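# Breakdown of the fold
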There are 2 protein chains.
Amino acid sequence: MQLPVIRHRGYARPVPKPEVAPTVTLQLSVDRSSPVPLYFQLSQQLEAAIEHGELTPGSLLGNEIELAARLGLSRPTVRQAIQSLVDKGLLVRRRGVGTQVVHSQVKRPLELSSLYDDLEAAGQRPATRVLLNTTVAASAEVAAALAVAEGGEVHRIERLRLAHGEPMAYLCNYLPADLLDLDAPQLEATGLYRLMRAAGITLHSARQTIGARTATPDEADRLGEPENAPLLTMQRTTFDDTGRAVEYGTHIYRASRYSFDFQLLVRS
Amino acid sequence: MQLPVIRHRGYARPVPKPEVAPTVTLQLSVDRSSPVPLYFQLSQQLEAAIEHGELTPGSLLGNEIELAARLGLSRPTVRQAIQSLVDKGLLVRRRGVGTQVVHSQVKRPLELSSLYDDLEAAGQRPATRVLLNTTVAASAEVAAALAVAEGGEVHRIERLRLAHGEPMAYLCNYLPADLLDLDAPQLEATGLYRLMRAAGITLHSARQTIGARTATPDEADRLGEPENAPLLTMQRTTFDDTGRAVEYGTHIYRASRYSFDFQLLVRS
DNA sequence: GTCAATGGTTTGTCCGGACAACCGAACCAT
DNA sequence: ATGGTTCGGTTGTCCGGACAAACCATTGAC
């Protein structure tokens, strides 16, 4: 799964030898009667071991062959488990050396999560105030983003997101009219993405633009900011796994109280 | 590689049947004498075919077994090729149905790229003015980010990034002192990441924070913006594959001329 | 002492096969 | 018409094996 990259080992200082902690033997087991795939059982146990510090950063995982033998699995299965953790950025493989645990810092790799989930995970009790929930004719901008006819019917939702009773963001979203029904109580209880997923929509990818500008008087008022306060802006179009645009949103955030915080992995 | 996710198929409108274009037969071939892995040759050909529109969005790829037979490859190899494109978001697999091309819109999934490369790819001829390139004692903030001793030696680089002769961003970066040598001509000719990669450093992941605030008089002056203009801010710590922090940067961008634009994939 | 050759270890790639799980369509019975 | 069943097709999972490529440490030659 690694791209065949040519490694320039140029005119630089010698790469410091990464300290390798000793190989760790770990309590692992799989349940063959479970419907959960074996590779998945294994990868979860390994991930948990890393999470709990039983596998310390830098430690070697022990070679795949022996690990497979110890668990009564085949090497491809073990490799599949390891590979999934490599993709998550938790492990690094080196041919001729072994597989070692990355020196953490890794938290989570920028998921397509709603602001609601983010706030909830951060322990802020989020709240939503639905300001508008209706169908409107699609403007040119919205029609282009959702790939529907200009002037066609689309849902429009306007929400104010609060944390600890304080306004955090003003969210304006558009959805294809025939996608699903939403009412205010649902929207106040959880995030939009969770509702869409619960409706059987498989979210696949999204295109985002993050920028900044100063608040208009209206916006400043709604968010409780002084006039001309700096705002973070985000526009996002989300696609399901058939490639259909299922949501377009324009959000503004109080820069004084919110910032985007995420982790990137380098796809070698 | 798919997570065993329970599919809620709830109280929603019936999911519109995705239009499936007819299965496409494609001109594919692999070169067994090449050192390039077979699965990689195949995935590149498929990706190119998608890029060039020979595989149209929604079209089925034809079953793996037959595809493998047609190419003289084994099914695992074909699966590996397909999987890499699924991971890139170009293909979607459905058990019992087949593999189909995602209705594009997919461009690139937020890589760890330098601003320099981004501008260059966008056709803006970027330029860099090195304002500072020296070693300093690490402040508490920098020491924490790079995991070095406070007061220890670190490189400090300050650069002004221009596009079409106009200032775009002001970049301040810190690197461990023993990592590599950089001189101004190198820094003006290309981006920092490219230099690090060329020095044999394997970039692995990065932690980013994007926010906004108003410019100080100094900053406004440097960037050619009016006082109190909104700025986009980014802080980033980059790690190599041993988990070592190899770069910490604090960047500010003119919000009037720059925004972050990227694509996210949902990790099933 | 320094450099090149050697060998052992580990992951990377590839093969061929087997069965299970799932989807959709066609079919049949109600 | 409606609903359930069956069946063919496709991907998902798993196995066991084989060889190649890369890395590291040791050995040997100069």
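Read on for a plain summary of the structure.

Criteria and cut-off values
Residues numbered from 1 in each chain as written. Chains lettered and ligands numbered in written order. Predicted model: local features only at pLDDT ≥ 70, side-chain atom pairs only at ≥ 80, totals over all residues. Heavy atoms only, no water. Near = heavy atom within 4 Å. Polar contact = N/O pair within 3.5 Å; in protein donor to acceptor, adjacent residues only side chain to side chain. Helix = DSSP H or I, 4+ residues; strand = E, 2+ residues; numbered from the N terminus. Nonpolar A, V, L, I, M, F, W, Y, C, P; charged D, E, K, R; others polar. Phe/Tyr/Trp six-rings, centres within 6.5 Å; stacked < 30°, edge-to-face > 60°. Buried < 20%, exposed > 50% of the residue type's maximum accessible area, 1.4 Å probe, protein only. Lys NZ or Arg CZ within 6 Å of the ring centre and 35° of its normal.

A separate point is the protein's contact with DNA strand D. What surrounds DNA strand D is a group of 29 residues, the closest being R32, L38 and T77 of chain A together with R75 and R79 of chain B. A share of 73% of the atoms of DNA strand D within 4 Å of the protein falls on sugar and phosphate groups. Here a base oxygen of DNA strand D sits 2.7 Å away from a polar atom, N or O, in the side chain of R75 of chain B. Residue assignment for the surface near DNA strand D shows that the elements contributing at least two residues are α1 (38-51) and α3 (75-88) of chain A together with α2 (64-71), α3 (75-88), β1 (91-94) and β2 (98-101) of chain B. Here the surface near DNA strand D gets four residues from one element, more than from any other, and that element is α3 of chain A. Each residue belonging to the surface near DNA strand D can be placed in one class, and the counts come to nine nonpolar, ten polar and ten charged.

Moving on, we come to the packing of aromatic side chains. Summed over the entire model, instances satisfying the criterion amount to eleven aromatic pairs over all chains. Here the aromatic rings of Y39 of chain A and F40 of chain A are separated by 6.5 Å at their centres, their planes lie at 80°, and the arrangement is edge-to-face. A relative accessible area of 12% places Y39 of chain A in the buried class. With relative accessibility at 14%, the residue F40 of chain A sits in the buried group. Taking the centre distance of 6.3 Å and the plane angle of 25° together, the rings of Y174 of chain B and Y248 of chain B count as stacked. Taken together, the positions of Y174 of chain B in strand β5 (residues 166-176) and Y248 of chain B in strand β8 (residues 245-254) put the pair 74 residues apart, joining distant regions of the chain. Y248 of chain B shares its class with Y174 of chain B; the two are buried. Through a chain of ring-to-ring contacts, the aromatic side chains of Y253, Y258 and F260 of chain A assemble into a single cluster. The ring of Y170 of chain A carries R222 of chain A above its face, with NZ or CZ at 4.1 Å from the centroid.

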